[in-house]
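# Commentary on secondary and tertiary structure
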Amino acid sequence: MVIILSFPLIRQFISETMGKHIESQYGKPDVIAGVATGAIGIGILVADYLNLPFIYVRPEAKKHGRQNQIEGYLEPGQNVVVVEDLISTGKSSLNAVKALEEEDVNIKGMVAIFSYGFDFATKNFKDNNIELTTLSDYNHLLEQAIETNYIKQNELKTLENWCKNPDKWS
């Protein structure tokens, strides 16, 4: 997903689309939080579009320096929307949410560029009471791939089956 940062028109489209969605879905939050490392760039762009402060959340606290897991200025009680690039299991995304919740902030929701739509990820977000919205997902990707002849109809079933049981494939 980080490759989108290399294309100005695409990154502008994604940051504006995410920003507009955040405002319509959650109102204007106090802070945008990106999940390290893939969502730092797009998170900054979204925060810039919304003229909001930006922070990012590492998978764990650094072992040196100030030993922060969260980088940037954050106050208890602030409303935060988390930005992610890609959702597979949801584990790293929800780890970031947990770190933010430990700072006593209000997580309004999460917006991501793409999700595979795995059932266990959907369950993980539901179990953690986190609203997730994505700009696109695996099913739409497959539809586009068929429409543009990137894949053939006979390949579609294999790709759909992979998404149903990704842990069974190697």
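Computed from a predicted structure; not experimentally measured.

This part covers the overall build of the protein. Each helix and strand in the protein was counted, giving 6 helices and 6 strands. N-terminal to C-terminal, the α/β element order of the protein is α-β-α-β-β-β-α-β-α-β-α-α. Expected size for 170 residues packed as a compact globule is a radius of gyration near 15 Å; at 17 Å, the protein falls within 12% of this value. Taking the principal axes of its C-alpha atoms as reference, the protein extends roughly 55 × 35 × 30 Å. With 170 residues in all, the protein has 40% of them scored as buried. In the protein, 60% of the contacts between residues at least 6 apart in sequence involve partners at least 24 apart. A total of about 10100 Å² of accessible surface is found on the protein, and carbon and sulfur atoms cover 50% of it. One finds the centroid of the 16 positive side-chain charges in the protein at a distance of 4 Å from the centroid of its 22 negative side-chain charges.

The subject of this paragraph is the pairing of strand 1 (residues 31–35). Most of strand 1 sits inside the fold, with 5 of its 5 residues counted as buried. Judged by which residues are buried, strand 1 turns out to be covered on both faces: Val31, Ala33 and Val35 on one side and Ile32 and Gly34 on the other are all buried. Each parallel crossover has a hand, and for strand 1 linked through helix 2 (residues 40–50) to strand 2 (residues 54–57) it is right-handed.

Under the counting rule described, the total for this entry stands at 3 salt bridges. The partner of Lys98 in a salt bridge is Glu102, and the shortest N-O contact between them spans 4.0 Å. For Lys98, a relative accessible area of 49% translates into the label partly exposed. Taking the shortest distance from any N to any O, the salt bridge between Lys123 and Asp127 comes out at 2.6 Å.

Of note, the bond from Ala36 into Thr37 is cis; its omega dihedral lies within 30 degrees of zero at -5°. One can find Thr37 in the loop between strand 1 and helix 2. Not every positive phi belongs to a glycine, and Asp104 is a case in point at roughly 60°. Residue Asp104 is classed as exposed on the basis of its relative accessible area of 55%. Residue Asn129 is not a glycine yet carries a positive backbone phi of 55°. The topology assignment puts Asn129 in the loop between helix 4 (119–127) and strand 6 (132–137). Judged by its relative accessible area of 70%, Asn129 falls in the exposed class.

Cut-offs applied
- Residues numbered from 1 in each chain as written.
- Predicted model: local features only at pLDDT ≥ 70, side-chain atom pairs only at ≥ 80, totals over all residues.
- Heavy atoms only, no water.
- Helix = DSSP H or I, 4+ residues; strand = E, 2+ residues; numbered from the N terminus.
- Rg over C-alpha atoms; globule rule 2.2 N^0.38 Å.
- Buried < 20%, exposed > 50% of the residue type's maximum accessible area, 1.4 Å probe, protein only.
- Contact = heavy atoms within 4.5 Å.
- Areas by Shrake-Rupley, 256 points an atom, 1.4 Å probe, with all protein chains shown as cover.
- Lys, Arg positive; Asp, Glu negative; His and termini not counted.
- Charge placed at Lys NZ, Arg CZ, Asp CG, Glu CD.
- Right-handed = clockwise from strand over helix to strand, strands pointing away.
- Salt bridge = Lys/Arg side-chain N within 4 Å of Asp/Glu carboxyl O.

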